[in-house]
Amino acid sequence: MKLSKIVIAAVAVCGATQVMAAGVTRLTGSSASSINVVRGLTNLCASASGTATVFKTTTSTSSLGNQFTVQCTADFPGTTVNEARVNVAGGSESAVTNAAAFPTSTNTGFLVPTGACATIATAGTEALSFLAAGQMKSCGTTLAESAKSDGGYLDVEGPVFSSTKYDAADFTPAGFSQVFGIAVNSTLYNALQTYQKTAAGGAIVASTCAAGDTTPACQPSLSRAQVASLINADNFNAAKTTGGAFLVPGSAVSKISYCMRPQSSGTQQSAQLYFLGAALNGTLGGADLVVAPGVSLAKYSSILNNGSSDVKSCLNSATDFRMGALSLESNPIGGTDTYRFVKLNEVPGTEGVSFAAGASQTTTAIAGRYDYVYELSAYCPGGLCSDILTALNGAVTAGTSSPGIFLTGVESKFGRAGNSASPYASR
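Residues numbered from 1 in each chain as written. Predicted model: local features only at pLDDT ≥ 70, side-chain atom pairs only at ≥ 80, totals over all residues. Heavy atoms only, no water.

1. Overview of the overall build of the protein chain
- Broken down by element type, the protein chain carries 12 helices and 20 strands.
- Here the C-alpha atoms of the protein chain give a radius of gyration of 21 Å, agreeing with the 22 Å that 2.2 N^0.38 yields for 427 residues.
- Taking the principal axes of the C-alpha coordinates as reference, the protein chain spans close to 65 × 55 × 40 Å.
- The buried share among the 427 residues of the protein chain stands at 54%.
- Long-range pairs, those at least 24 residues apart, make up 71% of the contacts in the protein chain with a sequence separation of at least 6. (Helix = DSSP H or I, 4+ residues; strand = E, 2+ residues; numbered from the N terminus. Rg over C-alpha atoms; globule rule 2.2 N^0.38 Å. Buried < 20%, exposed > 50% of the residue type's maximum accessible area, 1.4 Å probe, protein only. Contact = heavy atoms within 4.5 Å.)

This is the structure in structure tokens:
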């Protein structure tokens, strides 16, 4: 049962006042927005003539992890806080379910900076290259605080997760668009590449491509129809009864596995919107249901993964053919990951090079040629955003967003007009 927006807004104000008094704000929600959040917070800190430090649970120079904290030597402009603690392990829906403004919310853990945190001497790399040497600190994995958040970002609007629990008026466009893609394990990538060099495979891949080449001309492709068949709830269709041969006729690999996320994940919801028509309803609605997690058939399985890092681990396995959805803030090129992104309907979403080589993961989406794109939302109950979310709006400028994300209506003329059920079109 949905509460009135007036009641929720009142709770939000009280919760925000309690949090702000401590000089700390807390965010939960989408992991895909994390790097943009850190970039925005460091920009805000610099504009206040402060120095920002990023506290993490790992020593990685290229990734944030699911829990991190940004501390500034001055208050972030427009707020009375100088520290933002973030936990995105719960996925997009946790922007609501962990928020103090939501009546049935629950606590989650946050990283608390201490003097014991070790300075990471080297500068950030790849997507974190905007961070200077010494600007990051590693604190270990202990989450010393259990608390509720001030909301956060979702990959899609709240009612996509539940039209009965959430009111559309409580979610505001965040100003960012997120590009998603279908990734496959190396076994499937190489098999698709070989098959699609042939006439029978559509000659989609240039015959001169070396095995494993990830540049756009050499990327194999899956169709929207093929992916829909693999992730829908029909356990008796050709995709699930044929297995490997459904994608690569004659293949000796018999089984296909879908590395999926839980329903609280914005990545999972985006896949169901895009491939299964999840927003379609009414007399002529054509939405398909998604396959249940844990299905195990002779030639098909669905494997549930809690977070995007778990999906990557699932896709890094060379066992069978494997596929799954990931946001394009992920990039396996140049690192230890072995999974690869494929084209969708023969259009690449990624440049197929490392972040260090200049991959933006947004080029074709910005041009309107690739449309597996959704606009991030902020949880703002009753239309009232927390001070930190308001401050972050506009804190990242054009051309400086993290990979896989671009500014809606600024860097592209294409979008969904703040409605995930709307087509990706010129606006």
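2. Considering the packing of helix α6 (residues 224-231) against helix α9 (residues 266-276)
- For the pair α6 and α9, the least separation of the axes is 9 Å and the interaxial angle reads 120°. For the element pair α6 / α9, the angle class is oblique. α6 and α9 meet at a crossing whose hand is left-handed. Here Arg224, Val227, Ala228 and Ile231 of α6 lie close against α9, whose contacting residues are Ala271, Tyr274, Phe275 and Leu276.
- Residue composition of the contact of α6 with α9, grouped by class: seven nonpolar, no polar and one charged. (Axes fitted to C-alpha atoms, helices over the stretch in contact; angles between N-to-C directions. Parallel < 35°, antiparallel > 145°, perpendicular 65-115°, else oblique. Left-handed = near helix turned anticlockwise from the far one by under 90°. Nonpolar A, V, L, I, M, F, W, Y, C, P; charged D, E, K, R; others polar.)

3. Things to note about the state of the cysteines
- Considering all chains together, one arrives at five disulfides under this definition.
- Each sulfur of the disulfide joining Cys209 and Cys218 lies 1.9 Å from the other. Handedness of the Cys209-Cys218 disulfide follows from its S-S torsion of about -85°: it is left-handed. In this structure, Cys209 and Cys218 share a single accessibility class: buried.
- Across the disulfide, Cys259 is cross-linked to Cys314 (sulfur-sulfur distance 2.1 Å). Torsion about the S-S bond of the Cys259 and Cys314 cystine: about -70°, corresponding to left-handed handedness. Of the two residues, Cys259 is situated in strand β12 (residues 256-260) and Cys314 in helix α10 (residues 308-316); the sequence distance between them amounts to 55 residues. One exposure class covers both Cys259 and Cys314, and it is buried.
- The connectivity of the disulfides in the protein chain is 1-2, 3-4, 5-6, 7-8, 9-10, where the numbers refer to bonded cysteines in sequence order. (Disulfide = S-S within 2.5 Å.)

4. Thoughts on the pattern of salt bridges
- Applying the stated criterion across every chain, the model contains four salt bridges.
- Here Arg85 makes a salt bridge to Glu83, at a shortest N to O gap of 2.6 Å. Across the pair, Glu83 and Arg85 agree in class, each one buried.
- One salt bridge in this structure joins Lys165 and Glu93, with 3.5 Å as the shortest N-O distance. Placement of the pair is Lys165 in the loop between α4 (158-161) and β10 (171-184) and Glu93 in the loop between β4 (83-87) and α3 (94-97), with a sequence separation of 72 residues.
- You can call Lys165 partly exposed: its relative accessible area is 39%.
- Take Glu93: its relative accessible area is 12%, and that puts it in the buried class.
- One salt-bridge network, in which partners are shared between bridges, spans Arg26, Glu83, Arg85 and Glu145. (Salt bridge = Lys/Arg side-chain N within 4 Å of Asp/Glu carboxyl O.)

5. Side note on the side chain of Ser92
- Within the secondary structure layout, Ser92 lies in the loop between β4 and α3.
- Those residues in contact with Ser92 that sit more than four places away from it in its chain are Gly29, Ser30, Tyr153, Leu154, Asp155, Phe161, Ser264 and Gly266.

6. Thoughts on the pairing of strand β2 (residues 52-56)
- Of all five residues in β2, five are buried; the element is thus mostly enclosed.
- Where burial is concerned, the two faces of β2 agree: the one with Ala52, Val54 and Lys56 and the one with Thr53 and Phe55 are both buried.
- Sheet analysis places β2 next to strand β3 (residues 67-72), joined by five bridges and oriented antiparallel. Bridge assignment links Phe55 to a residue of β3, and that residue is Thr69.
- Across three bridges, β2 lies against strand β7 (residues 136-138) in parallel orientation. (Pairing = 2+ DSSP bridges.)

7. Section: the sheet that holds β4
- Here six strands make up an open sheet; going across it, the order is β1-β4-β3-β2-β7-β6 and the pairing mixed. The sheet is open, and its two edges are formed by β1 (24-28) and β6 (118-120), each paired on a single side. Within this sheet the neighbouring strands show an average axis-to-axis angle of 25°, counted without direction.
- The sheet strands contacting helix α2 (residues 34-47) are β1, β2, β3 and β4, and the helix crosses β3 at an angle near 10°.

8. Considerations on the packing of aromatic side chains
- Evaluation of the coordinates by the stated rule reveals 10 aromatic pairs.
- With centroids separated by 4.8 Å and ring planes inclined at 85°, the aromatic side chains of Tyr274 and Phe275 adopt a geometry described as edge-to-face. With respect to class, Tyr274 is no different from Phe275; both count as buried.
- Ring centres 6.0 Å apart and planes at 80° place the aromatic pair Tyr339 and Phe341 in the edge-to-face group.
- Classification of Tyr339 by relative accessible area gives buried; the value is 0%.
- Taking the ring centre of Tyr300 as reference, the NZ or CZ of Lys240 above it sits at 5.2 Å. (Phe/Tyr/Trp six-rings, centres within 6.5 Å; stacked < 30°, edge-to-face > 60°. Lys NZ or Arg CZ within 6 Å of the ring centre and 35° of its normal.)

9. Observations regarding the environment of Thr363
- The residue Thr363 is located in helix α11 (residues 363-366) in this model.
- In the structure, Thr363 is positioned 27 residues away from Thr336 in sequence and 24 Å away in space, judged by C-alpha atoms.
- Looking at Thr363, its side chain comes within polar contact range of the side chain of Ser360, at 3.3 Å. (Polar contact = N/O pair within 3.5 Å; in protein donor to acceptor, adjacent residues only side chain to side chain.)

10. Re the confidence of the model for the protein chain
- For the protein chain, the mean per-residue pLDDT works out to 93, and 95% of the residues sit at or above 70.
- Contacts of residues 3-21 to residues separated by more than four positions or lying in other chains number 30 contacts, the stretch itself having pLDDT below 50. (pLDDT = per-residue confidence, 0-100.)

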